[in-house]
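Here are the chains, one letter per residue:
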Amino acid sequence: FKSYDKKIFILHPNDLLECPICCNIMKDPVQCTAQGHTFCRFCVTKVLDRSETCPTCHEPLKKDKLLPNRLVCSLIEDAEVHCFSYEFNEEDIAKGTKGSIQSLLDVDESCEWSGKLKDAESHYNQCQFAQTN
């Protein structure tokens with residue numbers, strides 16, 4: 001994954017954890033050295049391929065000067081998520097009831113695992129439903 005889709009999170013993550021480039025939840029968050037603006041490493045690297053300036057403040061920025069944002073990374077990794085193979089009922093998402101018991105009943109075969117994001121990839125690699133999606 002280049003970033004994390006908001007749908008996998010059990011509780012809506014704070015908007016400050018969204019990458020201003022892709023508008024998803026950041027993966028491998030790194031920050032601009034001048035003002036501390038934070039982005040997904042993948043997203044900002046693609047931008048820096050075209051222009052060596054921070055996409056937010058336009059200060060000079062090079063790929064090798066990006067700093068990991070460990071606080072943001074910890075907040076994201078500790079968030080509770082569904083399995084990456086979890087199937088969401090679009091109607092439930094619109095109503096804001098994703099992950100509810102009714103949502104689980106509406107899906108024939110979907111993984112019911114949930115846990116911290118930092119454990120989700122390990123689970124997904126062994127998930128029986130990951131092979132069927």
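Residues numbered from 1 in each chain as written. Predicted model: local features only at pLDDT ≥ 70, side-chain atom pairs only at ≥ 80, totals over all residues. Heavy atoms only, no water.

A. Structural context of the nonpolar core. Judged by nonpolar contacts, the single largest core of 24 residues is most densely connected at Tyr 4, Ile 8, Phe 9, Ile 76 and Leu 117. Looking at this core, the elements that each hand over two or more residues are strand S2 (38-40), helix H1 (41-50), helix H2 (70-77) and helix H5 (117-126). The residues contacting Ile 76, other than those within four sequence positions of it, are Tyr 4, Phe 9, Leu 17, Ile 25, Met 26 and Leu 117. Listed in part, the five residues of the second largest apolar core include Cys 83, Cys 111, Phe 129 and Ala 130. (Core = buried A, V, L, I, M, F, W, Y, C linked by side-chain atoms within 4.5 Å. Buried < 20%, exposed > 50% of the residue type's maximum accessible area, 1.4 Å probe, protein only. Helix = DSSP H or I, 4+ residues; strand = E, 2+ residues; numbered from the N terminus. Contact = heavy atoms within 4.5 Å.)

B. Inspection of the pattern of salt bridges at higher detail. Considering all chains together, one arrives at six salt bridges under this definition. Notably, a salt bridge pairs Asp 49 with Lys 63, separated by 2.3 Å at the nearest N-O pair. Note that Asp 49 is positioned in helix H1 and Lys 63 in the loop between H1 and strand S3 (67-68), a separation of 14 residues in sequence. Accessibility expressed as a relative area gives 46% for Asp 49, which makes it partly exposed. Given the relative accessible area of 39%, Lys 63 is considered partly exposed. (Salt bridge = Lys/Arg side-chain N within 4 Å of Asp/Glu carboxyl O.)

C. Structural detail: the layout of surface pockets. Computed from the structure, the largest pocket encloses a volume of approximately 160 Å³. Lining the largest pocket are Tyr 4, Met 26, Lys 27, Asp 28, Pro 29, Cys 73, Ile 76, Glu 77, Phe 84, Leu 117, Lys 118 and Glu 121. Residue assignment for the lining of the largest pocket shows that the elements contributing at least two residues are H2 and H5. (1 Å grid on protein atoms, 1.4 Å probe; cavity = no way out; pocket = protein on both sides within 12 Å on 5 of 7 lines; lining within 4 Å. Points joined across faces, edges and corners; volume = space filled by probe spheres on them.)

D. Looking closely at the sheet that holds S2. One open sheet holds the three strands; their spatial order is S2-S1-S3, and the pairing between them is antiparallel. Looking at strand neighbours, the two that pair on one side only are S2 and S3, the edges of this open sheet. As judged from the three bridges shared by strand S1 (residues 29-31) and S2, these two strands associate in the antiparallel manner. The residue of S2 that forms the bridge with Gln 31 is Thr 38. Strands S1 and S2 of the sheet are contacted by H1, whose axis makes an angle of about 95° with S2. (Pairing = 2+ DSSP bridges. Axes fitted to C-alpha atoms, helices over the stretch in contact; angles between N-to-C directions.)

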